[in-house]
Amino acid sequence: MSSTLPPTSEPHTVSSLIRTISVLEEENARLHCRITNKPGLSLTCEGRAVRWVVTLVEPITDLIAEYDRREIQAAGQQDLSDPEMILPTTEQQRTYRAYEKLIQWCPSVHKVVGPAAKADTAGLEITFACKELQKGADGARADDSATLKIAIAQWLNESQPCPDPPFNSREKNGRGFNHEITGKLLCPVDYDWANADVRTAIREFHPDFRVTAHCWPSFLYADGEYDPAMPAKGLFKGKYLVMAFRCVFTSPGSAQNEVSCGNIPQVSRPSRTRQQSRHHVAKILKMNTVQPRAIAYVATQLRFALSSCSCWMIVDEDFNHEEFYHNIVDYFELPSSPQKAAELNDLLLWWNLKIFGRRSVSHYRPQPVHSLSVSLSRKA
């Protein structure tokens, strides 16, 4: 008996495959058209929020991969109290916290990875979305680096006493520890920049005076003053930190509005024209309150702008920008005690007054309506 198929089978099989391929090609084209022509939605624009309020350097695919890993683990381990269940590492916890911020600020991600995502299109949509979001994220960081590179030179050149030599807004060779002013701002508060021997040791990379992300730089503190007995006093109230935040999130023109580093913020009253131009990035994000990750992002960008590093890199000599960013995020998001949480609450209130003014402070600290007279009288 011959092992070959009947003469009519082969043409039938080939034509069937051709029809299947044709259907798949049409479906792929339809899906691509649907994805790339979503009305009113720019994934690239939405992706800019990733660097601003989600994560400094992690790829979006890594955040989604951590979400997928947890979903698979949850499906395979119904009993969450199982002692043999593998607990997530610190890095995995950090990545998942970033993923939660991602779906908060980039709603398109939730549509393609959440329960509402369609199984037959999810893979294609995720790939396209991640590519476009990543493009926007990296573009935002590059744009902000370029803006602050020029802005910080202008602010320092206008300061008193005038820097000698003045800063070049286009070149960074004369910044960092090569200049007395930027050196003082970058100097870890654990070291005494006023001491000539310390300055020399830092510039010569002495092992006892390494500049790493384990030390807070002076520019984070109000007036650059650090009290070892009260290490949190004035932290994240630095003048140039607030100016840089305004430059990125409300507009470069608002950066030099009145800035006071005391405990009671002094908020200037902008003119009608200025009010119309404020909150540019914040308005796009619909961000009514200062986000801790936004502070961390701006602090990292400002640190880079003050340095002599000519191009963005995660590690600059001994200093790791990613570690610095995570240290700030953890400081705000993982308070060590209820008392510390209350202090951070007050600090964020200070920031909201600084950036958004008194009229918007209720967005950050709403009234406890259930304990006020109207609510209480109804229960009486």
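Residues numbered from 1 in each chain as written. Predicted model: local features only at pLDDT ≥ 70, side-chain atom pairs only at ≥ 80, totals over all residues. Heavy atoms only, no water.

## Things to note about the confidence of the model for the chain
No. 1: Looking at the chain as a whole, its pLDDT mean stands at 84, while 79% of the residues score no less than 70.
No. 2: Between residues 259–279, whose pLDDT stays under 50, and residues either more than four places distant or in other chains, the model counts 42 contacts. (pLDDT = per-residue confidence, 0-100. Contact = heavy atoms within 4.5 Å.)

## Section: the pattern of salt bridges
No. 1: Throughout the structure, instances matching the rule amount to 15 salt bridges.
No. 2: For Glu91, the salt bridge identified is with Arg94, shortest N-O distance 3.2 Å. Of this pair, Glu91 and Arg94 both sit in helix 4 (residues 90–105), three residues apart, which is roughly one turn of that helix.
No. 3: Taking relative accessible area as the criterion, Glu91 reaches 48% and is therefore assigned partly exposed.
No. 4: Between Asp330 and Arg94 there is a salt bridge, with its nearest N and O atoms 2.6 Å apart. Linking Asp330 in helix 13 (residues 321–333) with Arg94 in helix 4, this pair joins segments that are 236 residues apart in sequence. Accessibility assignment for this pair places Asp330 and Arg94 in one class, buried.
No. 5: Each of Glu91, Arg94, Arg97, Arg293, Asp330 and Glu333 takes part in one network of salt bridges that share partners. (Salt bridge = Lys/Arg side-chain N within 4 Å of Asp/Glu carboxyl O. Helix = DSSP H or I, 4+ residues; strand = E, 2+ residues; numbered from the N terminus. Buried < 20%, exposed > 50% of the residue type's maximum accessible area, 1.4 Å probe, protein only.)

## Here we look at the side chain of Lys172
No. 1: Its location among the elements puts Lys172 in the loop between helix 6 (122–157) and helix 7 (180–186).
No. 2: The buried charged residue Lys172 lacks any salt bridge, with Asp316 as its nearest oppositely charged partner at 7.3 Å.
No. 3: At 2.5 Å, the side chain of Lys172 forms a polar contact with the backbone oxygen of Phe304.
No. 4: In this structure the side chain of Lys172 is engaged in a polar contact, spanning 3.5 Å, whose partner is the backbone oxygen of Ser307.
No. 5: In this structure, Lys172 is in contact with Lys149, Phe304, Ala305, Ser307, Ser308, Cys309 and Ser310, ignoring residues within four places of it in sequence. (Lys, Arg positive; Asp, Glu negative; His and termini not counted. Polar contact = N/O pair within 3.5 Å; in protein donor to acceptor, adjacent residues only side chain to side chain.)

## Points about the nonpolar core
In a soluble, globular protein the nonpolar side chains are often hidden away together inside.
No. 1: Core analysis: the biggest nonpolar cluster contains 90 residues, and Phe236 and Trp351 have the highest contact counts within it.
No. 2: Element by element, the count of residues in this core is highest for helix 6, at 11 residues.
No. 3: Among all residues touching Phe236, those that are not within four sequence positions of it are Trp216, Leu220, Leu241, Ile295, Ile328, Tyr331, Phe332, Leu347, Trp350 and Trp351. (Core = buried A, V, L, I, M, F, W, Y, C linked by side-chain atoms within 4.5 Å.)

## Observations concerning the environment of Ser42
No. 1: Looking at the element boundaries, Ser42 is found in the loop between helix 1 (9–36) and helix 2 (43–53).
No. 2: By relative accessible area, which is 40% here, Ser42 ends up partly exposed.
No. 3: Sequence-wise, Ser42 and Ser108 are 66 residues apart; in three dimensions their C-alpha atoms are separated by 9.7 Å.

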